[in-house]
Amino acid sequence: MFFRKTKYVNPDLDMKTKDLIIPQYFKKNKIYIGTPIFVPRNFSFVITVNNKVLDCIKEDFIVNLKSIPETTRYLNLYKLNKKNKSVKYFEANTYYVNQNIFESFNWSAFSIELEDKRNGKYEINCNGIINFKINDPQKLIEFLKNKTDYIDSVQSTKIIENFLSERIERIIEKENFSASSLYTSNEKVITLISEKLSTRLKEIGINLLKFNITEIKFPQKISSELKNIDKNNSNKHNFENVTFEEWQNNNPKKNEEIKPKFVTIIPTGNKSGPFFKESMAPYFFENDENKTDKQEIQKETKKSLWKNWEVKQKEEKSKQIVNLDDEN
């Protein structure tokens with residue numbers, strides 16, 4: 001009597017792969033009960049039958065009726081066959097879904113129609129990058145299944161690229177942003193596109209982490225006019241989750257340095273000791289605008305100090321003892 005050797009499914013996958021979806025092939029699509037399946041870190045194993053998405057497993061498991069409950073119910077795997085024996089295998093399509101963070105994923109949008117009073121109707125092309133993470137593998141597989149009968153790494157990437165292109169084109173056309181706001185990547189423009197795109201991506205199981213426009217191509221006439229705008233002084237922002245501390249580090253406040261210009265010299269009124277001494281409170285100036293005012297205040301202070309010293313000297317003389325017997 002011969003027994004079938006159970007094959008251990010262990011794909012060579014890691015977090016560095018750029019593939020969104022990786023199909024797992026079984027001979028004749030037959031998955032045998034008792035097959036050990038390894039699920040790499042940050043990946044999910046999804047089972048589909050007749051274009052219906054069933055189970056999604058996120059850790060190593062052995063194929064049995066308990067580990068794949070949705071598939072078991074859909075295919076009635078718990079029922080005995082005509083020979084009163086349990087099912088040995090079932091047929092299905094399976095996929096590994098990459099749930100690592102994807103960075104610098106390219107998108108492009110073409111022939112976006114805009115209109116304004118100055119330029120009338122015109123078209124632009126633009127491209128950029130996004131960062132995202134697949135947070136619902138089942139939703140994404142359902143979306144892809146509705147687009148194609150055959151899902152692989154290349155096809156899934158193309159479908160997502162087309163989805164991004166179509167959605168971004170619609171958002172920009174509907175909002176009809178001005179040429180200058182798009183050229184300078186105005187904060188409100190980036191934020192609005194990001195929010196609307198994020199909502200659409202969530203519908204297919206993707207969480208948007210960052211959105212950015214890297215290049216926009218305008219008609220020659222409009223492009224020449226826009227080049228006069230100083231992009232370095234424009235307010236550029238990315239849609240990205242950052243902490244307040246990170247924001248502060250990236251946007252340091254420009255504080256003017258306050259440096260002492262000189263110290264005040266005041267009379268001591270002491271005959272035996274030094275006639276003058278340096279004040280322990282130096283004057284500080286924040287900028288050139290109030291420099292004149294500070295100097296005037298200093299002059300008045302000096303005059304007042306000298307005046308007080310002279311008065312004090314007169315008072316000291318008046319207190320001296322007078323000899324009444326002195327005829328002179």
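All figures in this text were calculated on a predicted structure; none of them were measured in a lab.

*Asks:* Just to check I follow, could you spell out the sheet that holds strand β1 (residues 21-24) for this structure?
*Replies:* Taken in spatial order, the four strands make up an open sheet running β1-β8-β4-β5, and their pairing is antiparallel. Looking at which strands have only one partner, the edges of the open sheet turn out to be β1 and β5 (52-57). Averaged over all neighbouring strand pairs, the angle between strand axes comes to 30°, with direction disregarded. Strand direction decides the pairing type here: strand β4 (residues 43-49) and β5, joined by four bridges, are antiparallel. Its bridge partner lying in β5, valine 49 is registered against lysine 52. Contacts from helix α2 (residues 137-147) reach β1, β4, β5 and β8 (93-98) within the one sheet, and its direction differs from that of β5 by about 150°.

*Asks:* For this particular structure, what's the right way to read the pairing of β8?
*Replies:* Every other side chain in a regular strand lies on the same face of the sheet, so the side chains alternate between the two faces. For β8, the tally of buried residues reaches five of six residues, placing the bulk of the element in the interior. Across four bridges, β1 lies against β8 in antiparallel orientation. The residue bridging proline 23 from the neighbouring strand is tyrosine 95, located in β8. Pairing between β4 and β8: six bridges, direction antiparallel.

*Asks:* Please explain the pattern of salt bridges as it appears in this structure.
*Replies:* Oppositely charged side chains can form a pair if their charged atoms are brought close together. What the rule picks out here adds up to five salt bridges. Of the charged contacts in the structure, one is a salt bridge between glutamate 175 and lysine 196, with a shortest N-O distance of 3.9 Å. Taken together, the residues glutamate 175 in helix α3 (residues 153-175) and lysine 196 in helix α5 (residues 187-202) connect sequence positions 21 residues apart. The exposure class assigned to glutamate 175 is partly exposed, which follows from its relative accessible area of 30%. Salt-bridge contacts for arginine 200 lead to glutamate 203; the nearest nitrogen and oxygen are separated by 3.9 Å.

*Asks:* Is there a simple way to think about the nonpolar core in this case?
*Replies:* General note: in soluble globular proteins, nonpolar side chains tend to be found buried as a group. The biggest cluster of nonpolar side chains holds 48 residues, and the ones touching the most others in it are Ile21, Trp107, Ile160, Ile172, Leu182, Phe211 and Phe218. Here this core takes seven residues from α3, the largest share from any one element. If we skip the residues at most four places from it in the chain, tryptophan 107 touches Cys126, Asn127, Gly128, Ile129, Ile130, Leu164, Ile168, Phe211, Asn212 and Ile213. Among the nonpolar cores identified, the runner-up in size contains 20 residues, and Val9, Phe26, Leu54 and Phe61 belong to it.

*Asks:* Just to check I follow, could you spell out the packing of aromatic side chains for this structure?
*Replies:* The way to describe two aromatic rings as a pair is by their centre distance and the angle between their planes. Enumeration according to the criterion identifies eight aromatic pairs in this entry. Geometrically, the ring pair formed by phenylalanine 45 and tyrosine 96 is edge-to-face, given 5.2 Å between the ring centres and 70° between the ring planes. Taken together, the positions of phenylalanine 45 in strand β4 and tyrosine 96 in strand β8 put the pair 51 residues apart, joining distant regions of the chain. Residue phenylalanine 45 shares its accessibility class with tyrosine 96, and that shared class is buried. Among the aromatic residues, those joined into a ring-pair cluster are Phe45, Phe61 and Tyr96.

*Asks:* Just checking my understanding: could you explain the environment of glutamate 203 for this structure?
*Replies:* Note on placement: glutamate 203 falls in the loop between α5 and β11 (206-217). C-alpha of glutamate 203 to C-alpha of lysine 139: the two residues are 64 residues apart in sequence and 7.6 Å apart in space.

Conventions we followed
- Residues numbered from 1 in each chain as written.
- Predicted model: local features only at pLDDT ≥ 70, side-chain atom pairs only at ≥ 80, totals over all residues.
- Heavy atoms only, no water.
- Pairing = 2+ DSSP bridges.
- Helix = DSSP H or I, 4+ residues; strand = E, 2+ residues; numbered from the N terminus.
- Axes fitted to C-alpha atoms, helices over the stretch in contact; angles between N-to-C directions.
- Contact = heavy atoms within 4.5 Å.
- Buried < 20%, exposed > 50% of the residue type's maximum accessible area, 1.4 Å probe, protein only.
- Salt bridge = Lys/Arg side-chain N within 4 Å of Asp/Glu carboxyl O.
- Core = buried A, V, L, I, M, F, W, Y, C linked by side-chain atoms within 4.5 Å.
- Phe/Tyr/Trp six-rings, centres within 6.5 Å; stacked < 30°, edge-to-face > 60°.

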